[in-house]
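Okay, here's what each chain looks like letter by letter:
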Amino acid sequence: MTQLIHTEPDVGDDVVLLTVPADGGYLGVLRTATAGLAARLHFALDEIEDLRIAVDEACAMLLAIATRGAELECRFAVTDDALTVEVTVSTVRGARLPSESSFAWKVLTALTTSAAAEANGRYATIRLLTRRTEF
């Protein structure tokens, strides 16, 4: 099931929540949403592509540790100059994300302003922040 929820919190940020099955076939939906929201912030084309690749990489990391039948919950927070993408999935017991010295993390940190992750044994979340480059 794909679900799209748009909210406007009091702080003035736009938040879009998108839930898709934890299956690689649905990653295109998340990449497209990422590109659309980044374009709304007037990101440069190369910044949009970098963020699409980063979201794809983060999702691939999470799919590798997702429980069967899980859903990827993607939260996009749009501010005046930045886009934060937070992807969460339920995980199999004992699942661990790749270390911060892994190639996957090098990709995430090279393509975004910052990347962070947390796993608590039941869920794992990767948070990506990208700030628009000033012209």
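All values reported here derive from a predicted model rather than from experimental measurement.

**Notes on the pattern of salt bridges**
Here is step 1 of the chain: Tallied over the full model, the rule gives 6 salt bridges.
Here is step 2 of the chain: A salt bridge links Glu 49 to Arg 52; the shortest N-O distance between them is 3.3 Å. Of this pair, Glu 49 and Arg 52 both sit in helix α2 (residues 45-63), 3 residues apart, which is roughly one turn of the helix.
Here is step 3 of the chain: On the accessibility criterion, Arg 52 (24% relative accessible area) is partly exposed.
Here is step 4 of the chain: Here the salt bridges share partners, and the residues they tie into one network are Glu 86, Glu 118 and Arg 127.

**Details of the confidence of the model for the protein**
Here is step 1 of the chain: When pLDDT is averaged along the protein, the result is 88, and 90% of the positions lie at 70 or above.
Here is step 2 of the chain: Contacts of residues 1-11 to residues separated by more than four positions or lying in other chains number 26 contacts, the stretch itself having pLDDT below 50.

**Some details on the packing of α2 against helix α3 (residues 103-111)**
Here is step 1 of the chain: Interaxial distance between α2 and α3 falls to 9 Å at its minimum, and their mutual angle equals 150°. Taken together, the axes of α2 and α3 lie roughly antiparallel to each other. Here the hand of the crossing between α2 and α3 comes out left-handed. Packed against α2, whose contacting residues are Asp 50, Ile 53, Ala 54, Glu 57, Ala 58 and Met 61, the element α3 presents Ala 104, Trp 105, Val 107, Leu 108 and Leu 111 at the interface.
Here is step 2 of the chain: Residues belonging to the contact of α2 with α3 are distributed by class as follows: 9 nonpolar, no polar and 2 charged.

**Some details on the state of the cysteines**
Here is step 1 of the chain: Applying the stated criterion to the full structure yields 0 disulfides.
Here is step 2 of the chain: The thiol of Cys 59 is unpaired, and the distance to the nearest cysteine sulfur, on Cys 74, comes to 6.0 Å.
Here is step 3 of the chain: What makes Cys 59 buried here is its relative accessible area of 1%.
Here is step 4 of the chain: In this structure Cys 74 comes out as buried when scored by relative accessible area, which is 2%.

**Details of the nonpolar core**
Here is step 1 of the chain: Ranked by internal contacts, the top residues of the largest apolar core, which has 37 residues, are Leu 30, Leu 62, Leu 72, Phe 76, Leu 83, Leu 108 and Ile 126.
Here is step 2 of the chain: Sorting the residues of this core by element identifies β2 (14-21), α1 (27-40), α2, β3 (71-78), β4 (82-90), α3 and β6 (123-131) as the ones contributing at least two each.
Here is step 3 of the chain: Of all the elements, α2 adds the most residues to this core, at 8 residues.

**Let's talk about the environment of Leu 129**
Here is step 1 of the chain: With respect to the helices, strands and loops of the structure, Leu 129 is situated in strand β6.
Here is step 2 of the chain: Taking the relative accessible area as the measure of exposure, Leu 129 reaches 18% and is therefore buried.
Here is step 3 of the chain: C-alpha of Leu 129 to C-alpha of Leu 111: the two residues are 18 residues apart in sequence and 9.8 Å apart in space.
Here is step 4 of the chain: Every residue in contact with Leu 129, bar those within four places of it in the chain, is listed here: Ala 82, Leu 83, Thr 84, Thr 112, Thr 113 and Ser 114.

**Description of α1**
Here is step 1 of the chain: The terminal C-alpha atoms of α1, which comprises 14 residues, lie 20 Å apart, in line with the 20 Å expected from a rise of 1.5 Å per residue.
Here is step 2 of the chain: Within the sequence span of α1, burial applies to Leu 27, Leu 30, Thr 34, Ala 35, Leu 37 and Ala 38.
Here is step 3 of the chain: Looking at the buried side of α1, the elements it contacts are β2, α2, β3 and β4.
Here is step 4 of the chain: Looking one or two residues past α1, His 42 carries a phi angle of roughly 65°, positive in sign.

**Comments concerning α3**
Here is step 1 of the chain: Along α3, the positions that sit buried rather than exposed are Ala 104, Trp 105, Val 107 and Leu 108. Angular distribution of buried residues about the axis of α3 spans 155°; they occupy a single face of the element. Those residues of α3 that are exposed and angled more than 90 degrees off the buried face are Phe 103 and Ala 110.

Cut-offs and rules
Residues numbered from 1 in each chain as written. Predicted model: local features only at pLDDT ≥ 70, side-chain atom pairs only at ≥ 80, totals over all residues. Heavy atoms only, no water. Salt bridge = Lys/Arg side-chain N within 4 Å of Asp/Glu carboxyl O. Helix = DSSP H or I, 4+ residues; strand = E, 2+ residues; numbered from the N terminus. Buried < 20%, exposed > 50% of the residue type's maximum accessible area, 1.4 Å probe, protein only. pLDDT = per-residue confidence, 0-100. Contact = heavy atoms within 4.5 Å. Axes fitted to C-alpha atoms, helices over the stretch in contact; angles between N-to-C directions. Parallel < 35°, antiparallel > 145°, perpendicular 65-115°, else oblique. Left-handed = near helix turned anticlockwise from the far one by under 90°. Nonpolar A, V, L, I, M, F, W, Y, C, P; charged D, E, K, R; others polar. Disulfide = S-S within 2.5 Å. Core = buried A, V, L, I, M, F, W, Y, C linked by side-chain atoms within 4.5 Å. Expected span 1.5 Å × (residues − 1). Arc of directions from axis to C-beta.

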